[in-house]
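# Structural overview
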Amino acid sequence: MQAMRGLFITVEGGEGVGKSTNITCIRDYLQARGVALVVTREPGGTPLGEDIRTVLLQARRETVAPMAELLLLFAARAQHLRDVIVPALEAGKWVICDRFTDASYAYQSGGRGLDSGAVRTLENLVQGELRPDYTLLLDAPAVTGLERARGRGELDRFEQEELVFFERVRNTYLQLATESSGRYHLIDASQPLASVQQQLHTICEQLHACWAPRQQQLR
Ligand SMILES: Nc1ncnc2c1ncn2[C@@H]1O[C@H](COP(=O)(O)OP(=O)(O)OP(=O)(O)O)[C@@H](O)[C@H]1O
Ligand SMILES: Cc1cn([C@H]2C[C@H](O)[C@@H](COP(=O)(O)O)O2)c(=O)[nH]c1=O
């Protein structure tokens, strides 16, 4: 990661916490300050990744083996890294990614119960040393996020899980934020949108003040 010149920012959180809504706000804020950036998402971000997303989110009659789910997520991630994330970072752009590997720790390990060692092995294999520089965790009680997500209509395969699944997901995210406190910014997403966006503006302002001058020096 040190050799790359861009900044890799991931946005994480449970269902319906407001990632999509707030990524638009982050994008607008940074673009208005002249930051060249790429906004992308996982699973997805490439044609193959979007196909894998469709398969993963589709409700199905068979249950999906947690390991099959994890491997599909990392297959999409490998393509996404090679075709989108790494080239953008190498070109000096900021990458804002709606979910990344922390989601695999939260959902496949925390939620589904897979050993976190399996996620770590794939993380090392697929990403090498590449890790996000910053992670914005939008945190809200699972029930709040689910109510918001369910207000949007038909539920995908993940959204159909029980509340306890999303409570495990949330607890895993909070644990990751404690373990990696230098990388994580915790945002209280249970607040009204205006307050969430105020918190995000403050963080974006700090990141911009810290990183934009360094990147100009590198050019
Ligand atoms: N702070 C907030 N207060 C109230 N409603 C909000 C807030 N943030 C987002 N919402 C609303 O909640 C719904 C879900 O938001 P959004 O789609 O941005 O969440 P998301 O985290 O991307 O969801 P998912 O991960 O399930 O796709 C939207 O209708 C959005 O307008
Ligand atoms: C990257 C990633 C994603 N997921 C799950 C989490 C969500 O339910 C869906 C993605 O849809 P959203 O619109 O971003 O909410 O995929 C996962 O379980 N593990 C992952 O690594």
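Provided above is the structure to which this section pertains.
Note that the structure is a prediction, hence the values are computed from the model and not measured.

### A look at the nonpolar core
- Counting residues in hydrophobic clusters, the biggest one holds 45 residues, and the most contacted among them are Ile-9, Trp-94, Val-95, Ile-96, Leu-138 and Ile-187.
- Discounting residues that sit within four places of it in the chain, Ile-9 has contacts with Trp-94, Val-95, Ile-96, Pro-132, Asp-133, Tyr-134 and Leu-136.

### Topic: unusual backbone geometry
- Looking along the chain, the bond that leaves Glu-42 and enters Pro-43 is cis, with omega of -15°.
- Secondary-structure assignment places Pro-43 in the loop between strand 2 (37-41) and helix 2 (47-57).
- At Arg-99, a position not held by glycine, the phi torsion is positive, near 75°.
- With 20 C-beta atoms counted inside 10 Å, the residue Arg-99 sits in the buried group.

### Focus on the site of ligand 2
- Residues in close proximity to ligand 2 include Glu-15, Glu-42, Pro-43, Leu-73, Asp-98, Arg-99, Ala-103, Ser-104, Tyr-107, Gln-108 and Phe-158, which together make up its full environment.
- With four residues, the top contributor of residues to the shell around ligand 2 is helix 4 (residues 101-111).
- Of the residues assigned to the shell around ligand 2, the class counts are five nonpolar, two polar and four charged.

### Observations concerning the sheet that holds strand 1 (residues 7-12)
- Read from one edge to the other, the open sheet built from five strands follows the order 2-3-1-4-5, with strand pairing classed as parallel. What marks the edges here is a single partner per strand, and that holds for strand 2 and strand 5 (184-188). This sheet shows a mean twist of 20° between the axes of neighbouring strands, independent of strand direction.
- Relative to strand 4 (residues 134-139), strand 1 runs parallel, the two being bridged by four bridges. Counterpart to Thr-10 in the pairing with strand 4 is Thr-135.

Analysis parameters
Residues numbered from 1 in each chain as written. Chains lettered and ligands numbered in written order. Predicted model: local features only at pLDDT ≥ 70, side-chain atom pairs only at ≥ 80, totals over all residues. Core = buried A, V, L, I, M, F, W, Y, C linked by C-beta atoms within 7 Å. Buried ≥ 20, exposed ≤ 12 C-beta atoms within 10 Å, placed from the backbone. Contact = placed C-beta atoms within 7 Å. Helix = DSSP H or I, 4+ residues; strand = E, 2+ residues; numbered from the N terminus. Near = placed C-beta within 6 Å. Nonpolar A, V, L, I, M, F, W, Y, C, P; charged D, E, K, R; others polar. Pairing = 2+ DSSP bridges. Axes fitted to C-alpha atoms, helices over the stretch in contact; angles between N-to-C directions.

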